[in-house]
Amino acid sequence: MCCLLLGACPDTLPPSLKLWRATEALREGGRVLRVLRGISLGELTLSAQTAPAKEYQVKAVFLFNFAQFVEWPPAAFADDKSPLVIGILGDDPFGAYLDEVVRAERVGNRPMRVQRYQRVDEITTCHVLFISRSEESRLGQILASLKDRNILIVGDSDNFIQHASMVQLATSQGKVHLRINVNAARTANLTISSKLLRSAELVTGSK
């Protein structure tokens, strides 16, 4: 079983320290270069004792990384210093973890912010949107409402990528790994780094 982060197994660390060391392992020269030490950007191994909370700590780190490895068009921002917003639509499975991961972080000159939404019509400025499993029955309607927006749409429900969504955080055999619909991202005028694409399962269905 994989031991994560600087030689320490996650089950031996208290939750706050686990998250801190997970976040620190991402940084090198102020830029995120990898998700966890020795693990590819596209796949993370969970421990045998993984609980849902720990799974979503891992997924929070993925959301943080997307902000570093995706390029948005200038029109997606009000100005050169406006924040990059990570949004959550529906029930929030991350708790405070996602806020801790992005706290005081920047993408270039942009601070990072977390926003939470209960309805799709509340979404104004958003760059990475995680759609919760609580919204699965409305997924088609949500995606239609967000069509042509410059938003990287992410989810982890079982059939998420089959709906021509952009990124699925899929969990199987104790691992979280990426599935990316490159055509959907291209339609939204988003450029995903080849470093991320090389580590993902690519889906080419049209949006």
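What counts as what
Residues numbered from 1 in each chain as written. Predicted model: local features only at pLDDT ≥ 70, side-chain atom pairs only at ≥ 80, totals over all residues. Heavy atoms only, no water. Core = buried A, V, L, I, M, F, W, Y, C linked by side-chain atoms within 4.5 Å. Buried < 20%, exposed > 50% of the residue type's maximum accessible area, 1.4 Å probe, protein only. Helix = DSSP H or I, 4+ residues; strand = E, 2+ residues; numbered from the N terminus. Contact = heavy atoms within 4.5 Å. Phe/Tyr/Trp six-rings, centres within 6.5 Å; stacked < 30°, edge-to-face > 60°. Salt bridge = Lys/Arg side-chain N within 4 Å of Asp/Glu carboxyl O.

Colleague: Please clarify how the nonpolar core should be interpreted in this entry.
Modeller: Generally speaking, nonpolar side chains in soluble globular proteins are found buried as a group. The biggest cluster of nonpolar side chains holds 55 residues, and the ones touching the most others in it are Phe66 and Leu152. The element contributing the most residues to this core is helix α2 (residues 52-69), with ten residues. Setting aside chain neighbours within four positions, we find Phe66 in contact with Trp72, Leu152, Val154, Val167, Leu169, Leu178 and Leu196.

Colleague: How do you make sense of the packing of aromatic side chains when you look at a structure like this?
Modeller: Where two aromatic rings form a pair, the distance of their centres and the angle of their planes describe that pair. Enumeration according to the criterion identifies three aromatic pairs in this entry. Plain terms: the ring middles of Tyr56 and Phe94 are 5.5 Å apart, the flat faces sit at 85° to each other, and that makes the pair edge-to-face. One end of the pair, Tyr56, is in helix α2; the other, Phe94, is in the loop between β5 (84-89) and α3 (97-102), with 38 residues separating them in the sequence. Comparing Tyr56 with Phe94 shows no difference in burial state: the two are buried.

Colleague: Can you help me understand the pattern of salt bridges in this one?
Modeller: Pairs can form between side chains of opposite charge whenever their charged atoms are close. Tallied over the entire structure, the rule returns ten salt bridges. Asp92 is the partner of Arg116 in a salt bridge, and the nearest nitrogen-oxygen pair spans 2.5 Å. Residue Arg116 is found in strand β7 (residues 110-117), and its partner Asp92 is found in the loop between β5 and α3; the two are separated by 24 residues along the sequence. Residue Arg116 is classed as partly exposed on the basis of its relative accessible area of 36%. Asp92 gets classed as partly exposed once you look at its relative accessible area, which sits at 29%. Taking the shortest distance from any N to any O, the salt bridge between Arg179 and Glu201 comes out at 3.1 Å. With a gap of 22 residues between them, Arg179 in strand β11 (residues 175-181) and Glu201 in strand β13 (residues 201-203) connect regions that are remote in the sequence. Overall, Arg179 belongs to the partly exposed group, its relative accessible area being 23%. For Glu201, a relative accessible area of 40% puts it in the partly exposed group. Residues participating in the shared-partner salt-bridge network are Glu55, Lys59, Arg133, Asp156 and Asp158.

Everything listed here is a matter of coordinates, which is why it stays silent on function.
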